[in-house]
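# Chains, contacts and geometry: an overview
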Amino acid sequence: MSALRTEAPQPVPGVQIKGRQHVCAGGLTSRHTSGIPRAVWVWPAQSCKSSFPPHVNPKRILRGFGRLTASLLSCFSAGPAQSGILTDREVVSLFLHFTVNPKPRVEFIDRPRCCLRGKECSISRFQQVESRWGYSGTSDRIRFSVNKRIFVVGFGLYGSIHGPTDYQVNIQIIHTDSNTVLGQNDTGFSCDGSSNTFRVMFKEPVEILPNVNYTACATLKGPDSHYGTKGLRKVIHESPTTGAKTCFTFCYAAGNNNGTSVEDGQIPEIIFYT
């Protein structure tokens, strides 16, 4: 099968969204939702050219890029349900999904997208960096709370003192009182041997509610690293545009924490959106 070839964004004939033709290769963009269900089905056929086998519907190949919309049942009935793209079984399962409880499992992602707006922010809780922090499989952990609702998207972590190195790492955010894992990622990062921090991101943003205790965890596998000292119990981030303040309060996480505390250790930075 030849690779898909996308062309420069062009208006799609017959797809009107509030009186404007606005469907581009990067997706659908509109301040309103009317017209979008039809646009979702028309765009793949208009924007992508490929040599598919006769029995393959290119729209079904591309459907993985979409998610179930929160459109009304009437929109689904008038458009996708009659498009011929879905099988009869898929149409029935989606009708049931829209109308009954408990909802049956469907073969499409039904979780709403989390669209973050604004500028990425970060705070650092240490004032100084030192050398030689070891790892033996125990998680570095620190408790924190925030004075307002935010979305955490990742941590900044220290890297090796022995030059360029790759680390394996699992990061988590845990609701402290219930011990529920709200977000996690098994991933890795490369460092250059400097005392800088290195970004490790969650797969999806983690919602943090005001004045609730959470635990930030990082389990690293790799050589000795730098670590932070002269830690701050409270760190305030002030928006350079609005002046709004986001206050982080850090506390000791009791139990196995690999030595990380408010005063020194790992997990120097939290990356977030407000």
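This structure is a prediction, so every number in the text was calculated from the model and none was measured. Residue numbering note: each chain is counted from 1, following its sequence as written. Only residues with pLDDT of 70 or above have their local features reported here, since the model is predicted, and side-chain atom pairs are shown and tallied only from 80 upward, although totals for entire chains, interfaces and linings are computed over all residues. Only hydrogens and water are removed before side-chain values are computed, so all heavy atoms of the structure are retained for them.

## Focus on the overall build of the protein chain
The line we're drawing: Per the convention used, a helix needs a DSSP run of H or I reaching at least four residues, while a strand needs a run of E reaching at least two, with both numbered from the N terminus. Type-normalised accessible area, obtained with a 1.4 Å probe on protein chains alone, sets the label of each residue: buried when under 20%, exposed when over 50%, and partly exposed for intermediate values. Note on contacts: a residue pair is in contact if any heavy atoms of the two residues lie within 4.5 Å. The Shrake-Rupley method, run with a 1.4 Å probe sphere, supplies the accessible areas, and residue values consider only the shown protein chains as cover.
If you tally the helices and strands in the protein chain, you get 4 helices and 16 strands. A buried classification covers 37% of the 274 residues belonging to the protein chain. Taking the contacts inside the protein chain whose residues are at least 6 apart along the sequence as the reference set, 75% of them involve residues at least 24 apart. Accessible surface for the protein chain amounts to roughly 15700 Å². Of this, 50% is attributable to carbon and sulfur atoms.

## Thoughts on the nonpolar core
Rule in force here: Buried Ala, Val, Leu, Ile, Met, Phe, Trp, Tyr and Cys residues that are joined via side-chain atoms within 4.5 Å together make up what is termed a nonpolar core.
Judged by nonpolar contacts, the single largest core of 34 residues is most densely connected at Phe155 and Leu157. A per-element tally of this core places strand S11 (residues 197–208) first, with 5 residues. Dropping the residues within four chain positions of it, Leu157 is found in contact with Val169, Ile171, Phe189, Asn196, Thr197, Phe198, Val200, Ala218, Leu220, Gln266, Ile267 and Pro268. Residues Phe76, Val91, Val106 and Phe108 belong to the second largest nonpolar core, which totals 6 residues.

## With respect to the layout of surface pockets
Where empty space is left in the structure can be found by rolling a water-sized probe over the atoms. Put simply, the test is: Points on a 1 Å grid over protein atoms alone make up a cavity when a 1.4 Å probe fits among them but cannot get out, and a pocket when they form an open set with protein on both sides within 12 Å along at least five of seven lines; lining residues each have an atom within 4 Å of a point. Grid points are joined across faces, edges and corners, and a volume is the space filled by probe spheres set on the points. Three categories are distinguished: nonpolar for Ala, Val, Leu, Ile, Met, Phe, Trp, Tyr, Cys and Pro, charged for Asp, Glu, Lys and Arg, and polar for the others, with Gly belonging to the last.
Here the second largest pocket is characterised by a volume of approximately 220 Å³. In terms of lining, the second largest pocket is formed by 15 residues, of which the most central are Lys119, Cys121, His237, Ser239 and Pro240. Residues belonging to the lining of the second largest pocket are distributed by class as follows: 4 nonpolar, 7 polar and 4 charged.

## Let's talk about the environment of Phe144
Tracing the sequence through the fold places Phe144 in strand S7 (residues 140–146). Sequence separation between Phe144 and Phe248 is 104 residues; the distance between their C-alpha atoms is 6.7 Å. Those residues in contact with Phe144 that sit more than four places away from it in its chain are Ile208, Val212, Asn213, Tyr214, Thr215, Ala216, Phe248, Thr249, Phe250 and Ile270.

## Observations concerning the sheet that holds S11
Quick reminder of the rule: When DSSP finds two or more bridges between a pair of strands, those strands are recorded as paired. Angles here are taken between N-to-C directions and fall from 0 to 180 degrees, while the axes themselves are lines fitted to C-alpha atoms, restricted in helices to the stretch in contact.
Read across the sheet, 4 strands follow the order S5-S16-S8-S11 without closing on themselves; strand pairing throughout is antiparallel. Every other strand in the sheet has two partners, leaving strand S5 (121–124) and S11 as the edge strands with one partner each. Averaged over all neighbouring strand pairs, the angle between strand axes comes to 25°, with direction disregarded. Sheet analysis places strand S8 (residues 150–158) next to S11, joined by 8 bridges and oriented antiparallel. Paired with Gly156 across the two strands is Arg199, which belongs to S11.

## Here's the deal with helix H4 (residues 88–99)
We apply this condition: The span you would expect from a helix comes to 1.5 Å times its residue count less one. It is the directions from the helix axis to the C-beta atoms whose arc is reported.
Its 12 residues place the ends of H4 17 Å apart at the C-alpha level, agreeing with the 16 Å of an ideal helix rising 1.5 Å per residue. Looking only at H4, the buried set comprises Glu90, Val91, Ser93, Leu94 and His97. Down the axis of H4, the sector holding all buried residues measures 165°, keeping them to one side. Facing away from the buried side of H4 by over 90 degrees, the exposed positions are Asp88 and Arg89.

## Some details on the pattern of salt bridges
For the record, the criterion: The salt bridge criterion pairs a side-chain nitrogen of Lys or Arg with a carboxyl oxygen of Asp or Glu, the two atoms within 4 Å.
By the definition in use, this model includes 3 salt bridges. Note that Arg199 is salt-bridged to Glu120, the shortest N-O span being 2.6 Å. With Arg199 in strand S11 and Glu120 in the loop between H4 and S5, this residue pair connects regions lying 79 residues apart in the sequence. The shortest N-O distance in the salt bridge between Asp224 and Arg132 comes to 3.0 Å. With Asp224 in the loop between strand S12 (214–221) and strand S13 (225–229) and Arg132 in strand S6 (residues 128–133), this residue pair connects regions lying 92 residues apart in the sequence. Judged by its relative accessible area of 22%, Asp224 is partly exposed.

## Some details on unusual backbone geometry
The backbone of Asn211 shows a phi angle near 60°, a positive value even though the residue is not glycine. Along the chain, the position of Asn211 falls in the loop between S11 and S12. Taking relative accessible area as the criterion, Asn211 reaches 65% and is therefore assigned exposed. Unusually for a residue other than glycine, Asn258 sits at a positive phi of about 60°.

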